[in-house]
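What the coordinates show
The chain contents come next:
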Amino acid sequence: MMSIQRWPEQGWTLLQLLLMASFSQAEELLCRQRGDPENPQLLMDGDIMLGGIFSFHSNWKNRRENYTQRPSPLECTSLNFRGFQFAQAMRFAVEEINNSTDLLPTVSLGYKIYDTCGSIARGVRAALALANGNEVTSAPSNTPCIRPAQVLAIMGEQSSSPCMAIATVIGPLHIPMISYFATCACLSDKTKYPSFLRTIPSDYYQSRALAFLVKHFGWTWVGAIRSNNDYGNNGMAIFTETAQQLGVCLEYSVAVFRTDPPEKIQKIIDIIKASTSKVIVAFLSHMDMDVLMHELTHHNLTGYQWVGSESWIFDSQIAKLDRHHILDGAIGLSIPKAHVSGMREFILDVKPLNSTSADFFTEFWETLFSCKFKQSKSSSSSSGNQRECTGDEDLTGVHNSFTDMSLMPIFNNVYKGVYAVAHALHRVLGCNETCNNKVQPDPFTILQHIRKIHFKTKEGDEVYFNEDGDPAAKYEIINWQPTEHGAVDFVTVGLYDASLASDKQLNLLNKSLFFAQNSKLVPVSVCSEMCHPGTRKVLHKGKPVCCFDCIRCAEGEINNVTDSVTCVQCHPEFWSNERRDACVKKEIEFLSYEEIMGALLTAASLFGTFTTAFVALIFFMHRKSPIVRANNSELSFLLLFSLTLCFLCSLSFIGQPSEWSCMLRHTAFGITFVLCISCILGKTMVVLMAFRATLPGSNMMKWFGPTQQRLSVLAFTLIQIVICIIWLTSSPPFPLKNFQELKDKIILECALGSAVGYWAVLGYIGILAILCFILAFLARKLPDNFNEAKFITFSMLIFCAVWITFIPAYVSSPGKFSVAVEIFAILASSFGLLFCIFIPKCYIILLKPEKNTKKNMMGKMIPNSF
């Protein structure tokens, strides 16, 4: 209620102030500084002034503002020795340049160094103070409030977020700002930060290098922790993008900041505990790592492999905090080791400069030596057992973060930044033995020359900037290795140089590495084990690509690389091996003479051939006997010849098919069988005609004598020959590789060419066989002691039965077995004809010679029923 009543009063007061300001501006033009002046902590006059922005403190006291009066100045706490070391490195470079006769002779450099306490707002105020000066009020003037900047360049800040804010403010003023530790890749954007440069590589290269390092060790399933600021967020974004391109997945990615409440940090600890990944990539500033380290130690989270950014990986203070050896075996990137002669001694030689820095040096001295000065403001509140400071204390024997020189590479970055400005000034002032003091350098000119400088420091380090204001990206790969005394040694185990070809940028030296819990075995951190050759990856739905199942490649497919998502189909003439990691040539299958089945069929064919030849020999030796002369001996010999050809033609079906063998096998089979059936048909017709001729007045035999018999055989055979010629000329059989019948074998077979031609050949044989069977069946009951028609009937019955069953068996048999079925049908029908027609005659010739007489052949008897 009180605040509502006071609003009108405050409003009128504000309106009066605005009116007074407008009237005063109408009366006179005054250059006034807004707000309280900012005084530097360290100051030294010189002909040309440089600015420095460092964090001598790491925190500040929280204030409660009521917004009714001007906020009180920020009260810094937690003295940060690192920040003061960086300032000392700048002072060392300035004094070395002032004492040099080669660089900027007759020109002295001075500096104004401010403490920002890590506050972005205070950093911006310090930058404006360096640009404007600290004069409270200027004299009345009719000219605009325009004047040169008080400093020509600013060194700082160490963190990316403050640098972004400061560079945004001073960018339009073209004041060069050179950072020694701000690595965010976003600062390379010259459209936003035109005057920003740095002597430390951009995180674009570091983040990519970390991703390549993780991939090198096969860690595809990692967790990620980042600082919740521009440094951590931008660096982790680049790492994540590169990691995904390399096939590395993040199980979790969490952000932490040193001012986060305990509940949030505890939540991060719970996420780590619940995770399955064993590798943690920590893109953290050293201050955030300090906070996280306390919680990790409290929960004793050991057994994780840490991969760190340059901000903390080579920080000895972090290593000292790791009392439970949680970070043992950590690996990461650091700025290459450096040495600057004389810098260590200068940093440790601490002396107050002037009255403006007395309060700071008092606080510094008391913190460094854990003592109190009598005149100190806090002496009254000091404990009774705290010793008194004399000001003559010696740093000998003191071991703390101030005497630790492990950050010498960063000190060297500060050193190189100051020298970059000095070399630019040297050019602008046209210095030789002396410098042209009449030239008034301005920040814009200095900025242009800084971008073009290229020199070497006294230690041989090259200093230059690319078009983005960044130096060459080179890192050392650091491994935390244990020492005999239980401490940690930062061992360089590799190098990363972004200027080299992509496959040569990461180079691990031949040194033994230590990993989590000081193990020499590379830890495994994968969501799913790699898919070995012969398998392919099948991703889990809704999960990262690193989580998958390994499925064996299907038959006929292979994969000879690890973690492949596809299997490759083998060429039709190849087939996958048992491991599915290589294509092997398919086994070629055909009915060969070497295999058992081929050998048996060959033996049966030869046996039939020799048997037929033996029968022919018997008939030839007894060619004058009645049983041979009966029923046209000439047809009998021709039949035996055709049967021999039938047995031999089956051999053309065995062996590797060729163009000639394919044409021969089917045509030879068709012609020889037609010749055979034609002879049998002739013999059957002779039997019928012979008995018809015995009837009174019949002259049948005159029309079917030996000549007509020969012509009938020739005519029937010629018809088959014509069919075969048409078949061979139109679409002949040809050798074919059959890939479809069997998956893992190539069947070499004879394609029919024209199916019509093939079935025409078989059909013609069938027609003749049926005709022969019918005629023989009609002549079966004719009276005769040796009625050959009976045996022809039996032979043709066997012949037809064989070839009728052949058709389904041939169609259903795969590969070489279909050829075997056809050979079996040829042999079975041939043996049927041979045995049924000729064996009974051989029996009489050899075993019953008494029956081999003309009288017995012509004897009449009542025929048996059939």
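It should be emphasised that the depicted structure is a prediction, and the values quoted were computed from it without experimental measurement. (Residues numbered from 1 in each chain as written. Predicted model: local features only at pLDDT ≥ 70, side-chain atom pairs only at ≥ 80, totals over all residues. Heavy atoms only, no water.)

1. Section: the overall build of the chain
The helix and strand tally for the chain stands at 23 helices and 27 strands. When each of the 866 residues of the chain is scored for burial, the buried share is 50%. Long-range contacts, defined here as pairs at least 24 residues apart, represent 70% of the contacts in the chain between residues at least 6 apart. (Helix = DSSP H or I, 4+ residues; strand = E, 2+ residues; numbered from the N terminus. Buried < 20%, exposed > 50% of the residue type's maximum accessible area, 1.4 Å probe, protein only. Contact = heavy atoms within 4.5 Å.)

2. Things to note about the packing of helix α14 (residues 596-621) against helix α16 (residues 633-649)
What describes two packed helices is the angle between their axes and the distance between those same axes. At their nearest, the axes of α14 and α16 sit 8 Å apart, and the two run at 165° to each other. With respect to α16, the element α14 is oriented roughly antiparallel. Here α14 runs over α16; the crossing is left-handed. Contacts from Ser 605, Gly 608, Thr 609, Thr 612, Val 615, Ala 616, Phe 619 and Phe 620 of α14 reach α16 at Ser 636, Phe 637, Leu 640, Leu 643, Thr 644, Phe 647 and Leu 648. (Axes fitted to C-alpha atoms, helices over the stretch in contact; angles between N-to-C directions. Parallel < 35°, antiparallel > 145°, perpendicular 65-115°, else oblique. Left-handed = near helix turned anticlockwise from the far one by under 90°.)

3. Quick notes on the confidence of the model for the chain
Parts of the prediction with low pLDDT should not have their coordinates interpreted in detail. Averaged over all residues, the pLDDT of the chain equals 83, while 87% of them reach at least 70. Below pLDDT 50 for its whole length, residues 1-29 participates in five contacts with residues either more than four positions away or in separate chains. Taken as a whole, residues 378-383 scores under 50 in pLDDT and shows five contacts with residues more than four places along the chain or in a different chain. (pLDDT = per-residue confidence, 0-100.)

4. What about the sheet that holds strand β2 (residues 48-54)?
A sheet is described by the order of its strands in space; here six strands give the open sequence β1-β5-β2-β6-β7-β8, paired in mixed fashion. Edge strands, defined here as strands with exactly one partner in the open sheet, are β1 (42-44) and β8 (196-198). Bridge analysis of β2 against strand β6 (residues 154-155) gives two bridges, and the strand direction is parallel. Pairing of Gly 52 across the sheet is with Met 155, part of β6. Set on the sheet, helix α2 (residues 81-98) makes contact with β1, β2, β5 (109-115) and β6; between it and β5 the angle comes to about 175°. Across the sheet, helix α3 (residues 120-132) touches β2, β5 and β6, and the angle it forms with β2 is around 175°. (Pairing = 2+ DSSP bridges.)

5. Brief notes about helix α12 (residues 408-428)
Here α12 spans 30 Å end to end across 21 residues, near enough to the 30 Å set by a 1.5 Å rise per residue. Phi for Gly 430, located one or two positions after α12, is positive at around 60°. (Expected span 1.5 Å × (residues − 1).)

6. What about a nonpolar patch on the surface?
Taken together, the side chains of Phe 614, Leu 617, Phe 620 and Met 621 define a hydrophobic patch exposed on the protein surface, amounting to about 440 Å² of accessible area. Residue position: Phe 614 is located in helix α14. According to the relative accessible area criterion, Phe 614 is partly exposed, its value standing at 49%. (Patch = residues over 30% accessible without salt bridge, like charges linked within 9 Å, V, L, I, M, F, W, Y side chains within 5 Å. Areas by Shrake-Rupley, 256 points an atom, 1.4 Å probe, with all protein chains shown as cover. Salt bridge = Lys/Arg side-chain N within 4 Å of Asp/Glu carboxyl O.)

7. Some points on the sheet that holds strand β17 (residues 488-497)
Strand order in the open sheet made by the eight strands is β10-β9-β11-β12-β13-β16-β17-β18, with mixed pairing throughout. Each edge of the open sheet is held by one strand with a lone partner, namely β10 (249-256) and β18 (506-508). Each neighbouring strand pair of the sheet contributes to a mean axis angle of 25°, computed without reference to strand direction. In this structure, strand β9 (residues 221-227) lies alongside β10, joined through seven bridges in parallel fashion. Residue pairing in the sheet places Ile 225 in a bridge with Val 254 of β10.

8. Topic: the state of the cysteines
Overall, the coordinates contain 10 disulfides when judged by the stated rule. One disulfide bridge connects Cys 531 with Cys 550, the sulfur atoms lying 2.0 Å from each other. Linking Cys 531 and Cys 550, the disulfide has an S-S dihedral of approximately -95° and is accordingly described as left-handed. Here Cys 531, found in the loop between β18 and β19 (535-539), pairs with Cys 550, found in strand β20 (residues 548-552); they are 19 residues apart in sequence, far enough to count as distant. Across a sulfur-sulfur distance of 1.9 Å, Cys 570 and Cys 583 are joined as a disulfide pair. (Disulfide = S-S within 2.5 Å.)

9. What to know about the packing of aromatic side chains
Under the criterion given, the structure shown has 37 aromatic pairs. Seen in terms of ring centroids, Phe 86 and Tyr 180 are 4.9 Å apart; in terms of plane orientation they differ by 55°. Their pairing is tilted. With Phe 86 in helix α2 and Tyr 180 in the loop between β7 (177-179) and β8, the pair connects residues that are 94 residues apart, well separated along the chain. Its relative accessible area of 1% is what places Phe 86 among the buried residues. We classify Tyr 180 as buried; its relative accessible area is 0%. Here the aromatic cluster, defined as three or more aromatic residues joined through ring pairs, consists of Phe 56, Phe 81, Phe 84, Phe 361, Phe 364 and Phe 402. Taking NZ or CZ as reference, Lys 585 lies 5.1 Å from the ring centre of Phe 574, over its face. (Phe/Tyr/Trp six-rings, centres within 6.5 Å; stacked < 30°, edge-to-face > 60°. Lys NZ or Arg CZ within 6 Å of the ring centre and 35° of its normal.)

10. With respect to the environment of Lys 745
Relative to the elements of secondary structure, Lys 745 occurs in strand β27 (residues 745-751). If near-sequence neighbours (up to four positions away) are discounted, Lys 745 is found in contact with Lys 586, Glu 587, Glu 589 and Asn 738. Looking at Lys 745, its side chain comes within polar contact range of the side chain of Glu 589, at 3.5 Å. (Polar contact = N/O pair within 3.5 Å; in protein donor to acceptor, adjacent residues only side chain to side chain.)

11. Description of the environment of Lys 851
In this fold, Lys 851 is placed in the loop between α22 (816-847) and α23 (854-858). For Lys 851 and Pro 626, which are 225 residues apart along the polypeptide, the C-alpha to C-alpha distance reads 9.5 Å.

12. Section: unusual backbone geometry
Residues other than glycine predominantly adopt negative phi, and peptide bonds predominantly adopt the trans conformation. The omega angle of the peptide bond from Gly 156 to Glu 157 is -10°, so this bond is cis rather than trans. Within the secondary structure layout, Glu 157 lies in the loop between β6 and α4 (160-170). Notably, Thr 106 is not glycine yet its phi reads approximately 70°, a positive angle. Summarising the element assignment, Thr 106 is placed in the loop between α2 and β5. A positive phi angle, near 60°, is found at Cys 117, a position not held by glycine. A relative accessible area of 0% places Cys 117 in the buried class.

13. Structural notes on the nonpolar core
The biggest cluster of nonpolar side chains holds 132 residues, and the ones touching the most others in it are Leu 104, Ile 225, Trp 306, Trp 312, Phe 364, Phe 402 and Trp 480. Once residues within four sequence positions are removed from consideration, Phe 364 is found in contact with Leu 79, Phe 81, Phe 84, Val 350 and Phe 402. Cys 646, Phe 653, Ile 792 and Val 802 belong to the second-largest nonpolar core, a separate cluster that totals 63 residues. (Core = buried A, V, L, I, M, F, W, Y, C linked by side-chain atoms within 4.5 Å.)

14. A short note on the pattern of salt bridges
Enumeration over the complete set of coordinates arrives at 15 salt bridges. Between Lys 264 and Asp 260 there is a salt bridge whose closest N-O contact spans 3.9 Å. Of the charged contacts, one joins Arg 710 and Glu 634 as a salt bridge, the two residues approaching to 2.5 Å between their closest N and O atoms. One end of the pair, Arg 710, is in helix α19 (residues 706-730); the other, Glu 634, is in helix α16, with 76 residues separating them in the sequence. Residue Arg 710 is classed as partly exposed on the basis of its relative accessible area, which comes to 41%. The class for Glu 634 is partly exposed, based on a relative accessible area of 38%. Salt bridges linked by common partners bring Glu 573, Lys 585 and Lys 737 together as one network.

15. Thoughts on the side chain of Ser 829
With respect to the secondary-structure elements, Ser 829 resides in helix α22. Those residues in contact with Ser 829, other than ones at most four positions away along the chain, are Phe 673, Phe 799, Val 802 and Trp 803.

16. Some points on the side chain of Asn 80
Of note, Asn 80 is situated in the loop between β4 (76-79) and α2. What makes Asn 80 buried here is its relative accessible area of 7%. Sequence-distant contacts of Asn 80, that is, excluding residues within four places in its chain, are made with Ser 55, Phe 56, His 57 and Ser 58.

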